[in-house]
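# Architecture at a glance
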Amino acid sequence: MLRLTLSLAALLLAAQPSAGSDFPVTVTSCGREVTFEAAPERAIAHGSNLVEIMLALGLEDRMLGYSGRIERVEAATDLFPAAATLRPLQRGYPTLEMLLEEDPDLYFAGWSYGMRVGGEVTPESLGRYGIPVYELSESCIRLGQANRPGFDYLFRDLRNLAAIFGVPERAEALIAGYQSRLDRVAQKVAGRENRPRVFIYDSGDRVPLTAGGYSMPQAIIQAAGGDNIAQDIDSNWVRIDWETVAARDPQVVVIVDYEIAAEDKIALMKNHPGFAHVAAIRDDRFLVLGYDELTPGPRNIRAVERLADFLHGG
């Protein structure tokens with residue numbers, strides 16, 4: 001019994017974030033170097049996709065809670081049951097007042113993911129109160145850092161967060177599994193001359209919001225064997241006019257199941273008088289993917305698999 005108890009204790013100890021000798025840890029966040037003297041114990045993440053990154057790394061016990069859409073985090077229990085244990089702190093973007101009151105030892109967010117350029121909540125404003133910020137890599141484009149995203153962005157965030165919390169082995173295990181799945185898709189679509197043109201329809205009726213060339217969907221579409229019709233736009237999420245969409249004649253429309261109901265977005269496009277010639281409308285080629293599948297996070301891999309099957313057959 002003593003031997004069993006010691007073995008269990010050793011396993012539990014091994015699962016905890018490392019201490020002491022592995023710190024301090026310094027990571028780069030949107031060009032800033034951020035140093036941690038110890039693993040955070042009161043972290044706040046903004047939005048369901050960032051929460052899911054934390055949960056994929058098994059860091060729920062190190063989270064104070066989250067800000068953002070409560071219903072989306074509650075829905076994350078299908079893949080991450082621990083989401084049900086997290087405390088919602090504020091619906092929508094957090095205020096500086098709330099963050100100072102909760103006093104986290106890490107705020108994990110991004111530009112347009114819980115922070116706005118010129119807003120009251122920024123790494124600089126929180127830094128004045130000793131609250132460090134780690135920024136989602138895909139969002140650095142909002143600061144003018146123009147590097148096209150790939151899955152290396154997701155993997156970088158996983159590795160950096162795992163280092164911050166002293167659990168680097170967890171990130172490596174996740175990345176190995178994700179890369180294996182991406183490699184299988186790459187083999188499937190390799191050599192195909194047909195790369196269907198894809199339009200991402202996020203939200204908006206008069207002027208649609210879509211994914212530009214610096215968004216996570218750009219990497220997802222490329223990996224799935226398609227071409228993003230907005231890949232030449234130097235932004236992540238951007239508004240374009242319907243005339244541009246029609247002129248670029250997408251063969252597939254990916255509907256983001258977000259804000260407006262997916263069926264309403266499909267109906268809007270089907271009933272648009274200028275879309276009669278558009279291949280995706282004519283051939284009824286719509287694929288609905290969730291918000292967390294198309295924003296940076298662990299569901300991105302499944303999004304590649306689903307889109308590749310839709311574009312090229314299962």
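Criteria and thresholds
- Residues numbered from 1 in each chain as written.
- Predicted model: local features only at pLDDT ≥ 70, side-chain atom pairs only at ≥ 80, totals over all residues.
- Heavy atoms only, no water.
- Helix = DSSP H or I, 4+ residues; strand = E, 2+ residues; numbered from the N terminus.
- Rg over C-alpha atoms; globule rule 2.2 N^0.38 Å.
- Buried < 20%, exposed > 50% of the residue type's maximum accessible area, 1.4 Å probe, protein only.
- Contact = heavy atoms within 4.5 Å.
- Areas by Shrake-Rupley, 256 points an atom, 1.4 Å probe, with all protein chains shown as cover.
- Lys, Arg positive; Asp, Glu negative; His and termini not counted.
- Charge placed at Lys NZ, Arg CZ, Asp CG, Glu CD.
- Phe/Tyr/Trp six-rings, centres within 6.5 Å; stacked < 30°, edge-to-face > 60°.
- Lys NZ or Arg CZ within 6 Å of the ring centre and 35° of its normal.
- Core = buried A, V, L, I, M, F, W, Y, C linked by side-chain atoms within 4.5 Å.
- Arc of directions from axis to C-beta.
- Axes fitted to C-alpha atoms, helices over the stretch in contact; angles between N-to-C directions.
- Parallel < 35°, antiparallel > 145°, perpendicular 65-115°, else oblique.
- Left-handed = near helix turned anticlockwise from the far one by under 90°.
- Nonpolar A, V, L, I, M, F, W, Y, C, P; charged D, E, K, R; others polar.
- Pairing = 2+ DSSP bridges.
- Disulfide = S-S within 2.5 Å.

### Considering the overall build of the protein
Counting its secondary structure elements, the protein contains 13 helices and 14 strands. By the compact-globule yardstick of 20 Å for 314 residues, the protein fits well, its C-alpha radius of gyration being 21 Å. Expressed as lengths along the three principal axes of its C-alpha atoms, the size of the protein is roughly 70 × 45 × 30 Å. When the 314 residues of the protein are sorted by exposure, 54% land in the buried category. When contacts within the protein are restricted to residue pairs at least 6 apart in sequence, long-range pairs at least 24 apart make up 68% of them. Of the roughly 14,100 Å² that the protein leaves accessible, carbon and sulfur atoms contribute 51%. The protein carries 31 positive and 43 negative side-chain charges, and their two centres are separated by 4 Å.

### Focus on the packing of aromatic side chains
Inspection of the entire model under this criterion finds six aromatic pairs. Taking 5.4 Å as the distance between ring centres and 70 degrees as the angle between the ring planes, the aromatic pair formed by Trp242 and Phe275 counts as edge-to-face. With Trp242 in helix H9 (residues 242-248) and Phe275 in the loop between helix H10 (262-271) and helix H11 (279-282), this pair connects stretches of sequence that are 33 residues apart. Sitting over the face of the ring of Tyr93, Arg116 holds its NZ or CZ atom 3.9 Å from the ring centroid. Here the guanidinium or amino end of Arg285 rests over the ring plane of Phe310, the centre of that ring lying 4.2 Å away.

### Comments concerning the nonpolar core
If you look at the biggest cluster of nonpolar residues, it comprises 70 residues, and the most contacted ones within it are Met54, Phe108, Phe151, Leu158, Leu161 and Phe165. Residues within four places of Met54 in sequence aside, it is in contact with Ala43, Ala45, Leu59, Met63, Phe108, Leu161 and Phe165. Ranked by size, the runner-up nonpolar core spans 18 residues in total, among them Phe199, Tyr201, Val253 and Ile281.

### What about H10?
Those residues of H10 lying buried are Ala262, Lys265, Ile266 and Met269. Considered in projection along H10, the buried side chains sweep an arc of 100 degrees and stay on one side of the axis. Of the exposed residues in H10, those oriented more than 90 degrees away from the buried face are Glu263 and Asn271. The inward-facing, buried residues of H10 contact strand E9 (197-201), H9, strand E13 (252-257), H11 and strand E14 (286-290).

### Some thoughts on the environment of Val27
By the element assignment, Val27 lies in strand E1 (residues 25-29). A C-alpha to C-alpha distance of 50 Å links Val27 and His277, two positions 250 residues apart in sequence. The residues contacting Val27, other than those within four sequence positions of it, are Arg32, Glu33, Val34, Phe36, Tyr134, Asn160, Ala163 and Ile164.

### Remarks on the packing of helix H7 (residues 168-189) against helix H13 (residues 300-312)
Two numbers describe how H7 lies on H13: the axes approach to 10 Å, and their chain directions differ by 15 degrees. Classified by the interaxial angle, the pair formed by H7 and H13 is roughly parallel. Viewed along their axes, H7 and H13 form a crossing whose handedness is left-handed. Between H7 and H13, the contacting residues are Tyr178, Arg181, Leu182, Val185, Lys188 and Val189 on the first element and Ile301, Arg302, Val304, Glu305, Ala308, Asp309 and His312 on the second. Its residues assigned to classes, the contact of H7 with H13 comprises seven nonpolar, one polar and five charged.

### A word on the sheet that holds E14
Across a sheet, paired strands are connected by hydrogen bonds in the backbone, their directions being either parallel or antiparallel. If you trace the four strands from one edge of the open sheet to the other, you get E11-E9-E13-E14, paired in parallel fashion. Unpaired on one side and paired on the other, strand E11 (227-228) and E14 mark the two borders of the sheet. Each of E9, E13 and E14 is contacted by H10, which is oriented at about 145 degrees to E13, the strand it contacts most.

### A closer look at the state of the cysteines
Summed over all chains, the structure comprises one disulfide. In this model Cys30 forms its disulfide with Cys140; the gap between the sulfur atoms is 2.0 Å. Around the S-S axis, the bridge from Cys30 to Cys140 shows a dihedral of about -90 degrees and counts as left-handed. Highlighted residues: Cys30 in the loop between E1 and strand E2 (32-36) and Cys140 in the loop between strand E8 (133-135) and helix H6 (151-164), separated in sequence by 110 residues. In this structure Cys30 comes out as buried when scored by relative accessible area, which is 10%.

### With respect to the side chain of Ser137
Within the secondary structure, Ser137 sits in the loop between E8 and H6. Once residues within four sequence positions are removed from consideration, Ser137 is found in contact with Tyr153, Arg156 and Asp157.

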